[in-house]
Amino acid sequence: MPQLNPGPWLLIWLSSWLIFLLTIPPLVIMFKPTNSPIKSLTHFLPDPWYWPWP
Amino acid sequence: MALNFFDQFMTPIYMGIPLITLATLMPRLTFLQPTSQWTTSRFSTLQSQLLNSSTYQLFAPLSPKSHHWALLIVSLMIFLITINLLGLLPYTFTPTTQLSFNMAFALPAWLATVIIGLRTQPTHAFAHLLPESTPPLLIPILIIIETISLLIRPLALGVRLTANLTAGHLLIQLISTAMFTMIHTIPLMAMLTGTLLLLLSILEIAVAMIQAYVFVLLLSLYLQENM
């Protein structure tokens, strides 16, 4: 099975984690809802459930 | 026709450039950037609604201390869902079929939950190694079994995702090869195989989304145990 070839493991391991961390969390955090319609980049939620991060 | 059906899972390298890095960048490009307008487009609203509702679903049962992990876990979920779905398109490479890719996310995340559990509430973390009301004779064996099951968790996480996606892609290739071969000789069988292929593709779309969600759900459960 080509997945078990040890050659590209380190490259895939490092690059995948790095690319994921640098690309997706910045995107997700842009959609963080807030109670303020001015500061939020998305629509103003009628039910302001507290977004679970500090 | 590929001589070896597993050739589709070889890490593609073109002129010295590993294309898996390019494939990993694809999910970022499929998401809309939020604008500075107060009312956004329907797609943007849908996207944020899906993000918020899935975050709520995942983190409602968890303690408030675990909510610090929300960004990481939700990002991982949409990352895996997008990669899995993009991999179902023809001529694309699915990074999540690589065990190394999935282990890169499973092992550090699981290890982090275990370390957090051992640091913040060590007694509670060790107590998980023995279920309640165990007969005294079984205690040593059960502790060994529970320790093994704890240590096998990252492997199970990674291999589950890898195996599900690899099997799905293999099945699609096998059935489409069979259909392609039979279409000139036995057209009726080829049509039935084609219907099977269509149903399988629908199943694979479901599996792609479900497996990503299961990966992330299990991580949140391991976090719930340790926090």
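Residues numbered from 1 in each chain as written. Chains lettered and ligands numbered in written order. Predicted model: local features only at pLDDT ≥ 70, side-chain atom pairs only at ≥ 80, totals over all residues. Heavy atoms only, no water.

**Section: the overall build of chain A**
Basically, it comes down to this: In this text, helices come from DSSP runs of H or I with a minimum length of four residues, and strands from runs of E with a minimum of two, each type numbered from the N-terminal end. When accessible area is computed with a 1.4 Å probe and restricted to protein chains, residues below 20% of their type maximum are described as buried, those above 50% as exposed, and intermediate ones as partly exposed. Per-residue and other accessible areas follow the Shrake-Rupley method at a 1.4 Å probe size, with only the shown protein chains counted as cover for residues.
Within chain A, the secondary structure is distributed over 1 helix and 0 strands. Looking at chain A residue by residue over its 54 residues, the buried ones come to 41%. When the accessible surface of chain A is split by element, carbon and sulfur atoms take 75% of a total near 3,200 Å².

**A closer look at the overall build of chain B**
Cut-off, in case you're wondering: Using C-alpha atoms as the atom set, the radius of gyration is obtained and then compared with a globule rule of 2.2 Å times the number of residues to the power 0.38.
When helices and strands are counted, chain B shows 8 helices and 2 strands. Its helices and strands taken in sequence order, chain B reads β-β-α-α-α-α-α-α-α-α from the N to the C terminus. What you see for chain B is a C-alpha radius of gyration of 22 Å, clearly larger than the 17 Å of a compact globule of 227 residues, by over 25%. Across its three principal directions, the C-alpha atoms of chain B cover 65 × 60 × 40 Å.

**A word on the confidence of the model for chain B**
We count it as follows: Confidence scores per residue from the predictor, reported as pLDDT, run from 0 to 100.
On average, residues of chain B score 90 in pLDDT, and 98% of them are at 70 or above. Across the predicted assembly, pTM comes out at 0.87 and ipTM at 0.83.

**As for the UniProt feature "transmembrane region" (unreviewed entry) in chain B**
Residues and elements named next belong to chain B. Applied cut-off: UniProt positions are given in the numbering used here, feature names are shortened, and annotations may be inferred rather than shown by experiment.
Taking the numbering used here, the UniProt-annotated feature "transmembrane region" (unreviewed entry) corresponds to residues 12–31, 69–89, 101–118, 138–158, 170–190 and 196–223. Between the C-alpha atoms that bound residues 12–31 there is a distance of 24 Å. The span itself is 60% helix and 20% strand. As annotated, residues 101–118 comprises 100% helix and 0% strand, and the C-alpha atoms at either end are separated by 27 Å.

**As for the UniProt feature "transmembrane region" (unreviewed entry) in chain A**
Following the UniProt record, the feature "transmembrane region" (unreviewed entry) maps to residues 12–31 of chain A here. Measuring from the first to the last C-alpha atom of residues 12–31 of chain A gives 28 Å, for a span that is 95% helix and 0% strand.

**Some remarks on the interface of chain A and chain B**
In plain terms, the rule: Residue contacts are counted whenever heavy atoms from the two residues lie within 4.5 Å of one another. Here the quantity called buried area is the accessible surface, traced with a 1.4 Å probe, that two parts lose on coming together, added over both. By definition here, a salt bridge exists when the distance from a side-chain nitrogen of Lys or Arg to a carboxyl oxygen of Asp or Glu is within 4 Å. Between N or O atoms, a polar contact is any pair within 3.5 Å; within protein, one atom must be a potential hydrogen donor and the other a potential acceptor, and residues adjacent in sequence are included only when both atoms are from side chains. Under this grouping Gly is polar, as are all residues other than the nonpolar Ala, Val, Leu, Ile, Met, Phe, Trp, Tyr, Cys and Pro and the charged Asp, Glu, Lys and Arg.
Taken residue by residue, the interface counts 34 residues in chain A and 51 residues in chain B. Note on chain A versus chain B: buried area summed over both sides is about 3,900 Å², and carbon and sulfur give 79% of it. For the pair chain A and chain B, the interface holds 0 salt bridges. For the pair chain A and chain B, the number of links is 1 residue pair in polar contact (both at pLDDT 80 or more). Its residues assigned to classes, the side of chain A that touches chain B shows 28 nonpolar, 6 polar and no charged.

**Some thoughts on a nonpolar patch on the surface**
Residues and elements named next belong to chain B. Convention followed: To count toward a patch, a residue needs a relative accessible area over 30% and no salt bridge; like charges are then connected within 9 Å, while nonpolar side chains (Val, Leu, Ile, Met, Phe, Trp, Tyr) are connected within 5 Å.
Residues Ile144, Ile148, Ile152, Leu155 and Val159 make up a contiguous nonpolar surface patch of about 430 Å² in total accessible area. For the nonpolar patch, the secondary-structure elements that each account for two or more residues are helix H6 (139–151) and helix H7 (153–182). Inspection of the secondary structure assignment puts valine 159 in helix H7.

**Some thoughts on the nonpolar core**
Condition: What we call a nonpolar core is a set of buried Ala, Val, Leu, Ile, Met, Phe, Trp, Tyr and Cys residues that are connected through their side-chain atoms within 4.5 Å.
Membership of the largest hydrophobic core comes to 40 residues, with the highest contact counts inside it found for Phe59, Leu76 and Phe215 of chain B. At the level of secondary structure, the elements contributing two or more residues to this core comprise helix H1 (9–30) of chain A together with helix H1 (19–30), helix H2 (42–59), helix H3 (70–86), helix H4 (99–120), H7 and helix H8 (187–226) of chain B. Here the element with the most residues in this core is H3 of chain B; it accounts for 9 residues. In this structure, phenylalanine 215 of chain B is in contact with Leu76, Leu80, Asn102, Phe105, Ala106, Leu157 and Leu161 of chain B, ignoring residues within four places of it in sequence.

**Side note on H1 of chain B**
The condition that has to hold: Between the first and last residue of a helix there are one fewer steps than residues, each counted as 1.5 Å, and that sum is the expected span.
Helix length check: H1 of chain B (12 residues) gives 18 Å between terminal C-alpha atoms against 16 Å at 1.5 Å per residue, within 8%. Taken residue by residue, H1 of chain B has Ile20, Thr21, Ala23, Thr24 and Pro27 of chain B as its buried positions. Summarising the contacts, the buried residues of H1 of chain B are in contact with H1 of chain A together with strand E2 (17–18), H3 and H4 of chain B.

**As for the packing of aromatic side chains**
Centre-to-centre distance and the angle between the planes together describe a pair of aromatic rings. The criterion, for reference: Stacked, edge-to-face and tilted are the three classes for Phe, Tyr and Trp ring pairs, Trp counted by its six-membered ring, which pair at centre distances within 6.5 Å; planes under 30 degrees apart are stacked, over 60 edge-to-face, the rest tilted.
On inspection of all chains with the given rule, the structure shows 9 aromatic pairs over all chains. Their ring planes at 70° and their centres at 5.7 Å tell us that phenylalanine 79 of chain B and phenylalanine 105 of chain B sit as a pair that is edge-to-face. Of this pair, phenylalanine 79 of chain B sits in helix H3 while phenylalanine 105 of chain B sits in helix H4, and the two are 26 residues apart along the sequence. Residues phenylalanine 79 of chain B and phenylalanine 105 of chain B agree in their burial class; the two are buried. These aromatic residues form a ring-pair network of at least three members: Trp17 and Phe20 of chain A together with Phe79, Phe101 and Phe105 of chain B.

**Describing unusual backbone geometry**
Residues and elements named next belong to chain B. Phi is positive for methionine 15, close to 55°, though the residue is something other than glycine. Looking at where methionine 15 falls in the secondary structure, it is placed in the loop between strand E1 (13–14) and E2. The residue serine 133 is not glycine, and still its phi comes out positive at about 50°. Tracing the sequence through the fold places serine 133 in the loop between helix H5 (122–127) and H6.

**Considerations on the side chain of glutamine 98 of chain B**
Locating glutamine 98 of chain B in the fold gives a position in the loop between H3 and H4. The contacts of glutamine 98 of chain B, once residues within four sequence positions are left out, are Gln3 and Ile12 of chain A together with Phe9, Thr11, Ile20, Phe93 and Thr162 of chain B.

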